[in-house]
Every structure is written in structure tokens, then in C-alpha cells.
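# Architecture and fold: a report
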Amino acid sequence: MSMHPSPVLVADCQPASIGSASAGSSILALDLGTTTGWASLIGGIIQSGTVSFRPSRYDGGGMRYLRFQRWLDALVHDNDGLAAIYFEEVRRHVGTDAAHLYGGFLATLTAWCEREQVAYQGVPVGTIKRFATGKGNADKHAVLAAVTARGFRPADDNEADAIAILLWAMETRGGVL
């Protein structure tokens, strides 16, 4: 798991990027996949990074999902819970394997949220792209550039997507303007 060396305080963000989220909000944004991008607002501090759930050659088919679940457990334990999780809701995949992997992560996430009683919401890809760049069909590089222009330093497009989802959730109160 990678994290920025210096987390961003919500108070340090431009006023447009904090919307009506309070400093005490604890939310997590995820770009689900083998390399999952994540961004969190916990205690008024925004942190982000990526975590790999790539299986080793000795792992069974379900190990990546168990590691994902353990990662969520550790995150909640280390941060005294979460109020909500927002994730990128993908409706179209490049290939069958990508669709199967996303479905496994989505099933694991939603079951985990139900068990832990954490609110969750999918955010359509076009909504995230439109929010970040002004274009619903923007490419990965445009989202990365837009997030960077807002003062973040994402390592890759997975982390940039997670940051964009988090900022969307903060500014729109989860889609409720």
C-alpha cells in the first residue's frame, strides 16, 4: 500500500474542493481492481494511495478477495470506523477477465459493507469523469491531470480516480446537492 508522504488537510484544500463535508467525516473512495486506488477523508485529513491484490502463483482463486476484505477490516480498525464508502461503478469492461475481477471485488465490498453496516454507493464512471474534467468521456490522462491540477500527486490513474471520487462525494455530499 502506498500513501503520500504528506497527507492533505481539508483546511488546506481550495474551498471548492471541500464542499459541505465536515472535518469529522470519515469516508473512503475506491477504484476497484487488482490495483485498487483509494482515497480517504478521516479526521479532516485526505490520504490516498494504491494497494495491489495481485495473487501469487500459490494463491487460490479467492485469495485476492480475502486480502481485500482483510485490508478493509484493518482500515476500519485503524481509523475507528467509516461513515460511507463510494466506489467507481463500472458498467462496461474491456474484457471478460476484467468483468469477472470487478464483480468479485464488488461482491466482496458490498457484502462487507452490509456486514459492517457501512453505507456504500456506486458512482458511474461518466459522473466521475464529468466532475473531474468537465467531460463524461475523458480519458485516464485527463482525470490524472485534473486531479494533479487540484494539488494532489496521484501515483497512477487508479489513485487519481479514487481521489476524484472522494472529491465528488465531498462536494456533492454523495450526489445530494
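Below is a short write-up of the structure. (Residues numbered from 1 in each chain as written. Predicted model: local features only at pLDDT ≥ 70, side-chain atom pairs only at ≥ 80, totals over all residues. Heavy atoms only, no water.)

## Considering the overall build of the protein
When you go through the protein residue by residue, the secondary structure sums to five helices and six strands. When the helices and strands of the protein are read in sequence order from the N terminus, they spell out β-β-β-β-α-β-α-β-α-α-α. Counting all 177 residues of the protein, 41% fall into the buried class. A sequence separation of at least 24 residues applies to 63% of the contacts in the protein between residues at least 6 apart. Of the accessible surface of the protein, which amounts to about 9,000 Å², a share of 53% is contributed by carbon and sulfur atoms. (Helix = DSSP H or I, 4+ residues; strand = E, 2+ residues; numbered from the N terminus. Buried < 20%, exposed > 50% of the residue type's maximum accessible area, 1.4 Å probe, protein only. Contact = heavy atoms within 4.5 Å. Areas by Shrake-Rupley, 256 points an atom, 1.4 Å probe, with all protein chains shown as cover.)

## Some words on the pattern of salt bridges
Counted by the stated rule, this structure contains five salt bridges. The closest approach of N and O atoms between Glu116 and Arg115, which form a salt bridge, is 3.0 Å. Its relative accessible area of 45% is what places Arg115 among the partly exposed residues. If you follow the salt bridges from partner to partner, you end up with Asp73, Arg115 and Glu116 in one network. (Salt bridge = Lys/Arg side-chain N within 4 Å of Asp/Glu carboxyl O.)

## Points about the environment of Ala145
Of note, Ala145 is situated in helix α4 (residues 140-149). Sequence separation of Ala145 and Asp157 is 12 residues, and the distance between their C-alpha atoms is 9.6 Å.

## Some remarks on the pairing of strand β2 (residues 26-31)
Every other side chain in a regular strand lies on the same face of the sheet, so the side chains alternate between the two faces. In terms of burial, β2 is a largely internal element, six of the six residues being buried. In β2, alternate side chains face the same way, and those of Ser26, Leu28 and Leu30 on one face and Ile27, Ala29 and Asp31 on the other are all buried. With six bridges connecting them, β2 and strand β3 (residues 35-42) associate as antiparallel partners. By the bridge assignment for β3, Ile27 is matched with Leu41. In this structure, the hairpin formed by β2 and β3 is closed by a connection of three residues. Two strands pair when backbone bridges link them, and β2 and strand β5 (residues 84-89) are joined in this way by four bridges, in the parallel orientation. (Pairing = 2+ DSSP bridges.)

## Let's talk about the packing of helix α1 (residues 63-78) against helix α2 (residues 96-116)
For any two helices packed against each other, the geometry comes down to the angle between their axes and how far apart the axes lie. For the pair α1 and α2, interaxial distance at closest approach is 10 Å and the crossing angle is 35 degrees. In this structure, α1 crosses over α2, and the sense of that crossing is right-handed. Across from Arg64, Tyr65, Phe68, Gln69, Leu72, Asp73 and Val76 in α1, the residues of α2 making contact are His100, Leu101, Gly104, Phe105, Thr108, Leu109, Trp112, Arg115 and Glu116. Its residues placed into classes, the contact of α1 with α2 shows eight nonpolar, four polar and four charged. (Axes fitted to C-alpha atoms, helices over the stretch in contact; angles between N-to-C directions. Left-handed = near helix turned anticlockwise from the far one by under 90°. Nonpolar A, V, L, I, M, F, W, Y, C, P; charged D, E, K, R; others polar.)

## Things to note about unusual backbone geometry
Glycine aside, a negative phi is what most residues show, and trans is what most peptide bonds show. Its identity as a non-glycine residue notwithstanding, Asp80 has a phi of 55 degrees, on the positive side. Note on placement: Asp80 falls in the loop between α1 and β5. Non-glycine residue Gln117 carries a positive phi angle of around 55 degrees. Tracing the backbone shows Gln117 in the loop between α2 and β6 (119-124). The exposed category is assigned to Gln117, whose relative accessible area is 74%.

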